[in-house]
Amino acid sequence: DVSTPEGKAYWEQVVQSGNYTLKYFPTPLDNCTEGFKERPDYCRMNTYNWSAIESVFFKFGNIDINYTASTSDVHDLFTNWNSMNPDIFDYLEDAKSNDIYQLNNPQVPVTLVYGSHLNTPQGGKYYYDVKEAIENDQHGFPNETTWTSGDGTVPTSFSLIPAFKWAWEFNNKGADGAKPVKFVEYCATHNQRGTVYDVQDPSKPFEVNSVEYIGLDCDCLDRTDGSADDGSDCSHGSYPSDL
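The structure displayed is predicted, hence computed values, not measured ones.

Some words on the environment of lysine 8
Line of reasoning, step 1. In this structure, lysine 8 sits in helix H1 (residues 5–17).
Line of reasoning, step 2. Lysine 8 sits 135 residues away from asparagine 143 along the chain, and the two C-alpha atoms are 36 Å apart.
Line of reasoning, step 3. In contact with lysine 8, not counting residues within four places along its chain, are Asp1, Val2 and Leu29.

So, empty space enclosed by the protein
Line of reasoning, step 1. As enumerated under the stated definition, the model contains one cavity of 30 Å³ or more in all.
Line of reasoning, step 2. Volume-wise, the largest cavity comes out at about 30 Å³.
Line of reasoning, step 3. Taken together, Glu54, Ser55, Gly123, Gly124, Lys125, Glu144 and Thr146 form the lining of the largest cavity.
Line of reasoning, step 4. At the level of secondary structure, the elements contributing two or more residues to the lining of the largest cavity comprise strand E4 (118–126) and strand E5 (144–150).
Line of reasoning, step 5. Of the residues forming the lining of the largest cavity, the biggest block, three residues, is contributed by E4.
Line of reasoning, step 6. When grouped by side-chain class, the residues that make up the lining of the largest cavity number no nonpolar, four polar and three charged.

Observations regarding the packing of aromatic side chains
Line of reasoning, step 1. Counted according to the given criterion, the structure contains twelve aromatic pairs.
Line of reasoning, step 2. A centroid spacing of 6.0 Å and a plane angle of 85° characterise the contact between tyrosine 10 and tryptophan 11, whose relative ring orientation is edge-to-face.
Line of reasoning, step 3. Aromatic pair phenylalanine 25 and tyrosine 213: ring centres 5.4 Å apart, planes at 55°, arrangement tilted. Here phenylalanine 25, found in the loop between H1 and strand E1 (56–60), pairs with tyrosine 213, found in strand E7 (residues 212–216); they are 188 residues apart in sequence, far enough to count as distant.
Line of reasoning, step 4. According to the relative accessible area criterion, tyrosine 213 is buried, its value standing at 2%.
Line of reasoning, step 5. Over the ring of phenylalanine 57 we find lysine 125, and its NZ or CZ is 6.0 Å from the ring centre.

Details of the state of the cysteines
Line of reasoning, step 1. What the rule picks out here adds up to two disulfides.
Line of reasoning, step 2. In this model, cysteine 32 is linked to cysteine 43 through a disulfide, with the two sulfur atoms separated by 1.9 Å. In this structure the cystine formed by cysteine 32 and cysteine 43 twists about its S-S bond by roughly 100°; its chirality is therefore right-handed. Note that cysteine 32 is positioned in the loop between H1 and E1 and cysteine 43 in the loop between H1 and E1, a separation of eleven residues in sequence. Residue cysteine 32 shares its accessibility class with cysteine 43, and that shared class is buried.
Line of reasoning, step 3. Between the sulfur atoms of cysteine 187 and its disulfide mate cysteine 218 the distance is 2.2 Å. Its S-S torsion of approximately 125° makes the covalent link between cysteine 187 and cysteine 218 right-handed. One end of the pair, cysteine 187, is in the loop between strand E6 (181–186) and E7; the other, cysteine 218, is in the loop between E7 and helix H6 (239–242), with 31 residues separating them in the sequence.
Line of reasoning, step 4. What makes cysteine 187 buried here is its relative accessible area of 5%.

Scoring rules and cut-offs
- Residues numbered from 1 in each chain as written.
- Predicted model: local features only at pLDDT ≥ 70, side-chain atom pairs only at ≥ 80, totals over all residues.
- Heavy atoms only, no water.
- Helix = DSSP H or I, 4+ residues; strand = E, 2+ residues; numbered from the N terminus.
- Contact = heavy atoms within 4.5 Å.
- 1 Å grid on protein atoms, 1.4 Å probe; cavity = no way out; pocket = protein on both sides within 12 Å on 5 of 7 lines; lining within 4 Å.
- Points joined across faces, edges and corners; volume = space filled by probe spheres on them.
- Nonpolar A, V, L, I, M, F, W, Y, C, P; charged D, E, K, R; others polar.
- Phe/Tyr/Trp six-rings, centres within 6.5 Å; stacked < 30°, edge-to-face > 60°.
- Buried < 20%, exposed > 50% of the residue type's maximum accessible area, 1.4 Å probe, protein only.
- Lys NZ or Arg CZ within 6 Å of the ring centre and 35° of its normal.
- Disulfide = S-S within 2.5 Å.

What follows is the structure in structure tokens.
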């Protein structure tokens, strides 16, 4: 934790040694945002292994079940607890049969816009029979919610996964036709430069040549009184109107 003296000293040593990966990303010694209530200002990626984290927990009667975000658990979760359109299984099978889950390289430059300034649901714990509640036309709200960083809807870790893969494939020539990726963080102050293009020659098509982190300004924040903002006006649904 870079907010502690020990954490800051550790990262200073790491940065000085140069012994770290994803160097196109700012380090925790840099500030990426300013004045949010739900996010510290220092830069962070908020990534972790979703398959090792409890996402959904059911406990009622003799039932005590844990689900993670692994492929097998997601399938079981939709099989046993799905209250949505049954076509969801077609989507799951389509993703598997067409190798969508492998995130094959798109072979075009990618600009990924994401957020990390809002508390976003990571998982839920249910201490009652959700099926019974739904059958009685009640919404199945969790009794407890665990939170992570995101844009209020999509966790940052989910957003970054494909871009990390494609960026690695471009930098390491790990896939045919791989192109650069720009990581654009919504409502971020670090490396704001107003464009994702590396070369802007009016006589030629603009070019994207490198993997890079870019901070994106946003018009949705209200800081006229100088106080910290909860960022709720800059949620997932605000992207289209703000961009």
